[in-house]
Amino acid sequence: MSDGAVLHVKGRVLVGPEDVRDELWVVGGRVSYDRPAGVRDITTVEGWVLPGLVDAHCHVGLDAHGPVDAATAEKQALTDREAGALLLRDAGSPSDTRWIEDRADLPKIIRAGRHIARTRRYIRNYAWEIEPDDLVAYVAQEARRGDGWVKLVGDWIERDLGDLSPCWPREAVEAAIAEAHRLGARVTAHCFATDSLRDLVESGIDCIEHATGLTDELIPLFAERGVAIVPTLVNIATFPQLAAGGETKFPRWSAHMRRLHERRYDTVRAAYDAGIPVYVGTDAGGSLAHGLVAGEVAELVTAGIPAVDAVSATSWGARAWLGRPGLQEGAPADLVVYEGDPRADVRVLAAPRRVVLNGIVVE
């Protein structure tokens, strides 16, 4: 498209789950529902339209070994773009990826700074590894460096125990979450097991990643406090492989991981049924490839979440939760065009017909 060109998107524009319009226009990179006057240079795209998808848990600038160079991070972001994920909540990265915000051709990114973990209680080269007395200071540091989120490692394997256990005492997380909120940041935490959850939620945490340790006893607490979960089911699918690798050294941990995997769908469905907000995240960038957002939506449906709500978890609902616009009048024109209605069959999300970012057709 040339300067001054207008994009005409027509078909079925899903502004919301039930708000369906026949067309929209992209003028100056922004959404309009009024046909512009006197424009001759018009490009037309047709199909079923969603706001750019959200991957609410990924890691740009990170691979299985730690930070990566800018060229690799760029490829990661481009892979997400090709999949239609145009808004990324980066849930922890040791790389400084602020430069992505200056690239109009890359997805928009919401950074949570670097993971904050207990000493020797997380993946090597990923996190700031500290002790509880320093937690408030590091949370404040990452709150100032990020885009309104801070990421804690809530539990991890404890070698002496041979199993998952909480990383932080209650008083440390209370003070740290209060400090993040004072600075205007929300807090999320990696949690596989159960034992850390009550302290984190009662201390005011905003979100739990993975949340495989949710129990019938804890689910009402999450619902009452409005704490969201991002299940990352495409990552939880790897638990049996992880368990097999640790069987000899940590048999108790391996058995625990298998149990969490076996009940993963029941856990997510029970959370959804209780009214806990559930959002799409893939955990891409560690050991998983980027571009898996459609697969995660399909996993939510397999867990028993209705298709329209699974779609919302990566589009309208996820964008509202993160404070970013969808396809409202005047919003940046970040959208994805599909062959069919994703509310009827989420599998169409795996094959975008067109991807439009900042008003430009990029795929």
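Position numbers for residues start from 1 in each chain and track the written sequence from start to end. Residues qualify for local features only when their pLDDT is at least 70, as the model is predicted, and side-chain atom pairs are given and counted only at 80 or more; totals for whole chains, interfaces and linings, by contrast, use all residues. With hydrogens and water excluded, all non-hydrogen atoms of the structure serve as input to the side-chain values.

## Regarding the overall build of the chain
How we decide: Strands here mean DSSP runs of E at least two residues long; helices mean DSSP runs of H or I at least four residues long; both are numbered from the N terminus. Exposure categories follow from relative accessible area, calculated using a 1.4 Å probe and restricted to protein chains: below 20% of the type maximum is buried, above 50% is exposed, and the middle band is partly exposed. Here, two residues are considered to be in contact whenever any of their heavy atoms come within 4.5 Å of each other. Per-residue and other accessible areas follow the Shrake-Rupley method at a 1.4 Å probe size, with only the shown protein chains counted as cover for residues. Positive charges come from Lys and Arg, negative ones from Asp and Glu, while His and the chain ends are left out of the count. In this description, the location of a charge corresponds to atom NZ of lysine, CZ of arginine, CG of aspartate or CD of glutamate.
Looking only at helices and strands, one finds 12 helices and 20 strands in the chain. If one aligns the C-alpha atoms of the chain with their principal axes, the spans along those axes are about 70 × 40 × 35 Å. In the chain, which comprises 363 residues, the proportion classed as buried is 55%. Sequence separation of 24 or more characterises 65% of the internal contacts of the chain that already satisfy a separation of 6 or more. Split by element, the accessible area of the chain, about 14700 Å² in all, is 47% carbon and sulfur. Seen as two clouds, the 40 positive and the 54 negative side-chain charges of the chain have centres 2 Å apart.

## Quick look at the sheet that holds strand 9 (residues 108–111)
Just so we agree on the cut-off: Only strands joined by at least two bridges in the DSSP assignment are considered to pair. Working convention: axes come from line fits to C-alpha atoms, limited for helices to the stretch in contact. Angles between N-to-C directions cover 0 to 180 degrees.
Here 3 strands make up an open sheet; going across it, the order is 5-8-9 and the pairing parallel. Looking along the sheet, the strands with just one partner apiece sit at the ends: strand 5 (53–58) and strand 9. Across the sheet, the mean angle from the axis of one strand to that of its neighbour is 20 degrees, orientation sign disregarded. Relative to strand 8 (residues 85–90), strand 5 runs parallel, the two sharing 4 bridges. Directly across from Asp 55, in strand 8, lies its bridge partner Leu 88.

## A few points about the environment of Trp 128
Along the polypeptide, Trp 128 turns up in strand 11 (residues 128–130). On the basis of relative accessibility, which here comes to 25%, the residue Trp 128 falls in the partly exposed class. Measuring from C-alpha to C-alpha, the distance between Trp 128 and Val 201 comes to 22 Å, with 73 residues separating the pair along the chain. For Trp 128, the residues in contact, after removing those within four places along its chain, are Arg 114, His 115, Ile 116, Ala 117, Tyr 138, Gln 141, Glu 142 and Arg 145.

## Let's talk about the environment of Val 26
Inspection of the secondary structure assignment puts Val 26 in strand 2 (residues 20–27). The exposure class assigned to Val 26 is buried, which follows from its relative accessible area of 2%. Distance in space between the C-alpha atoms of Val 26 and Ala 331 is 9.7 Å, their sequence separation being 305 residues. Ignoring anything within four residues of it in the chain, the contact list for Val 26 reads Ala 5, Val 6, Leu 7, Ala 333 and Gly 359.

## Some details on the packing of aromatic side chains
Inclusion rule: The aromatic pairing rule takes the rings of Phe, Tyr and Trp, using the six-membered ring of Trp, and pairs them if the centres are within 6.5 Å, calling planes under 30 degrees apart stacked, those over 60 edge-to-face and the rest tilted.
Within this structure, the stated rule accounts for 7 aromatic pairs. For the ring pair Tyr 279 and Trp 321, a centre distance of 4.2 Å and an interplane angle of 10 degrees mean the geometry is stacked. With a gap of 42 residues between them, Tyr 279 in the loop between helix 9 (264–273) and helix 10 (293–302) and Trp 321 in helix 12 (residues 316–321) connect regions that are remote in the sequence. The burial state of Tyr 279 is the same as that of Trp 321; both residues are buried.

## Quick notes on the packing of helix 7 (residues 239–246) against helix 8 (residues 251–262)
Applicable threshold: Any angle from 65 to 115 degrees is called roughly perpendicular, while one under 35 is roughly parallel, one over 145 is roughly antiparallel, and all others are oblique. Charged means Asp, Glu, Lys or Arg here, nonpolar means Ala, Val, Leu, Ile, Met, Phe, Trp, Tyr, Cys or Pro, and polar covers whatever is left, Gly included.
Between helix 7 and helix 8, whose axes approach to 8 Å, the crossing angle comes to 170 degrees. Here helix 7 is positioned roughly antiparallel relative to helix 8, judged by the angle of their axes. Each of Phe 239, Pro 240, Leu 242, Ala 243, Ala 244 and Gly 246 in helix 7 lies in contact with helix 8, whose residues at this interface are Pro 251, Trp 253, Ser 254, Met 257, Arg 258, Leu 260 and His 261. Residue composition of the contact of helix 7 with helix 8, grouped by class: 9 nonpolar, 3 polar and 1 charged.

## Some thoughts on helix 2 (residues 135–145)
Taken residue by residue, helix 2 has Leu 135, Val 139, Ala 140, Glu 142 and Ala 143 as its buried positions. Its buried side turned inward, helix 2 meets strand 10 (116–118), strand 11, strand 12 (149–153) and helix 3 (170–182).

## Considering the pairing of strand 1 (residues 6–14)
Of the strand pairs in this sheet, strand 1 and strand 4 (residues 42–51) are connected by 8 bridges, and their pairing is parallel. Residue pairing for strand 4: Leu 7 is matched across the bridge by Thr 43. Across 6 bridges, strand 1 lies against strand 2 in antiparallel orientation. Residue pairing in the sheet places Leu 7 in a bridge with Val 26 of strand 2. Between strand 1 and strand 2, which follow one another and run antiparallel, lie 5 residues.

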